[in-house]
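Fold and geometry: a report
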Amino acid sequence: MRALLVVNHKATTTSGRTRDVLIHALRSDLKLEVAETQYRGHARDLAREAAADGTVDLVVALGGDGTVNEVVNGLLCHGPGEKVPRLAVVPGGSTNVFARALGLPNDPVEATGALLNALEQGRERPIGLGKAMTEGLPDRWFTFTAGLGFDAGVVGRVEEQRRAGRKSTHALYVGQALRHYFTQREQRRSGPVTLELPGHEAVPGLVLAIVSNTSPWTFLGNRPVYPSPLASFDTDLDVFGVTRMTAFGTARTVRQILRSHAPSGDGAPPLGPSGKHVVSYHDVRHFTLVSQEPVPFQVDGDHLGDRRRVSFTGVRRALRVIV
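The structure contained in this document is the topic of the report that follows. Owing to the predicted nature of the structure, the values given are computational and were not obtained by experimental measurement. (Residues numbered from 1 in each chain as written. Predicted model: local features only at pLDDT ≥ 70, side-chain atom pairs only at ≥ 80, totals over all residues. Heavy atoms only, no water.)

1. Describing a nonpolar patch on the surface
The condition that has to hold: Within the patch definition used here, like charges are joined within 9 Å and nonpolar side chains (Val, Leu, Ile, Met, Phe, Trp, Tyr) within 5 Å, considering only residues with over 30% relative accessible area and no salt bridge. Accessibility throughout is a Shrake-Rupley quantity obtained with a 1.4 Å probe, and a residue counts as covered only by protein chains that appear here. Only one rule defines a salt bridge in this text: a Lys or Arg side-chain nitrogen within 4 Å of an Asp or Glu carboxyl oxygen. Only DSSP runs of H or I with at least four residues qualify as helices, and only runs of E with at least two residues qualify as strands; both kinds are numbered from the N terminus onward. Using a 1.4 Å probe on the protein chains alone, a residue whose accessible area is under 20% of its type maximum counts as buried, one over 50% counts as exposed, and one in between counts as partly exposed.
Together, Val174, Leu178, Phe182 and Leu220 give the surface a local cluster of nonpolar side chains, amounting to about 360 Å² of exposed area. The element contributing the most residues to the nonpolar patch is helix H7 (residues 170–183), with 3 residues. Within the secondary structure layout, Phe182 lies in helix H7. When its relative accessible area of 48% is taken as the criterion, Phe182 is described as partly exposed.

2. Section: the packing of helix H6 (residues 150–163) against H7
Test applied: Under this scheme, a helix contributes an axis fitted over its contacting stretch, all axes are lines through C-alpha atoms, and angles between N-to-C directions fall in the 0 to 180 degree range. Put simply, angles under 35 degrees are roughly parallel, angles over 145 are roughly antiparallel, angles from 65 to 115 are roughly perpendicular, and the rest are oblique. Less than a right angle of anticlockwise turn of the near helix away from the far helix marks a crossing as left-handed, whereas a clockwise turn marks it as right-handed. Any two residues whose heavy atoms approach within 4.5 Å at even a single point are treated as in contact. Put simply, Ala, Val, Leu, Ile, Met, Phe, Trp, Tyr, Cys and Pro go in the nonpolar bin, Asp, Glu, Lys and Arg in the charged bin, and everything else, Gly too, in the polar bin.
Where H6 meets H7, the axes come as close as 9 Å, and the angle between the chain directions of the two elements is 120°. For the element pair H6 / H7, the angle class is oblique. As H6 packs across H7, the resulting crossing turns out to be right-handed. Where H6 abuts H7, its residues Phe150, Gly153, Val154, Arg157, Val158, Gln161 and Arg162 lie against Leu172, Tyr173, Gln176, Ala177, Arg179, His180, Tyr181 and Thr183. When its residues are assigned to classes, the contact of H6 with H7 shows 7 nonpolar, 5 polar and 3 charged.

So this is what it looks like as C-alpha cells:
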C-alpha cells in the first residue's frame with residue numbers, strides 16, 4: 001500500500017525521536033512517503049496533491065485535530081468518492097478529539113501499533129462529516145465540531161495566547177473560558193445567534209451554538225465532555241445551544257455536560273443537558289446559524305474569524321478511515 005505520512009513537527013506530544021520511531025514502524029508495512037508541514041494550510045495542500053495523484057492509497061495524519069482537519073479538507077477538496085484515499089490518524093496534539101472519538105489510543109506509539117494492526121486485518125469504516133458554508137470562506141469540512149458564538153470566542157482567545165508563546169493545555173482553555181465569560185456580560189444575557197432549522201420555528205437568542213459530528217465534543221484531560229451524547233459518525237449533525245448564561249444556570253449546564261454519557265450497550269438512553277435555556281437537536285441534515293452581529297466562528301478548534309451567517313450540512317459516509 002502506498003501511503004503519505006503528513007507530519008506536523010510542532011505537534012505538542014511528539015518529539016523528533018518519537019516521530020522517527022513511528023516512521024520506521026510504518027515503513028515496515030507501507031510504501032511510505034513522509035512530508036513535514038511548513039506553514040498553516042500545508043497539510044491540506046499535501047493531502048489535496050495526494051488525492052489528485054491517484055496512486056496514493058492512504059494518507060496518515062500525525063498531529064493534532066488541526067492537522068487532521070487540514071488533511072480531511074485536502075482529501076475532500078472535490079468531494080467524497082471511491083477514489084479518495086483512506087485516512088489514518090496518529091494523535092500528536094494536546095487533545096486529539098477525533099482520534100479518541102474513533103476509539104484510538106491517545107499515545108502516538110500505541111496508536112501506531114493499532115494502525116498497523118488495522119491495516120493487517122483490513123479494518124476500516126466509513127464516517128460521516130460536517131460541512132460549514134459561509135460567505136468569504138471556502139466550504140470547510142469538520143470532523144467533530146464547529147461553533148458560533150461563545151465557544152468559538154474561547155477558541156480565538158486560546159489561539160491568541162498560543163501565538164504569544166503559551167503552550168496549548170487544558171488549563172489554558174479553562175482559564176480563557178473563564179476570562180471570556182466574565183468579559184462578555186451583555187452577550188451572556190441576550191445572545192445574537194438564531195438557529196434556522198427546516199420544518200421548525202427559528203430559535204433566537206443563542207449565546208452559543210455547538211455543532212457536533214460525533215461524541216464527545218471534547219476532553220478535559222481524560223474526561224469526555226458530552227453536550228450532545230447522541231452525536232455519531234453514523235448520523236447527521238447535532239446542535240446544542242444556550243439562550244442565557246447566568247452564573248447559576250451555566251454552572252448547572254456545565255455539571256450536566258460533564259455528567260452526561262454516550263449511549264450504553266444495554267440500550268439505556270444517554271443523559272444529556274437540559275433546562276429552560278438549553279436547546280438541542282439530534283441528527284439534523286441541514287440548518288443555518290444567523291447572527292445579528294459578527295460573532296466568532298470555529299471549526300475543529302480552528303478559529304476562522306467573526307461571521308454573521310453559517311450554513312451546515314451533515315454528509316454521511318464521506319470518508320473511509322482505518323481503525
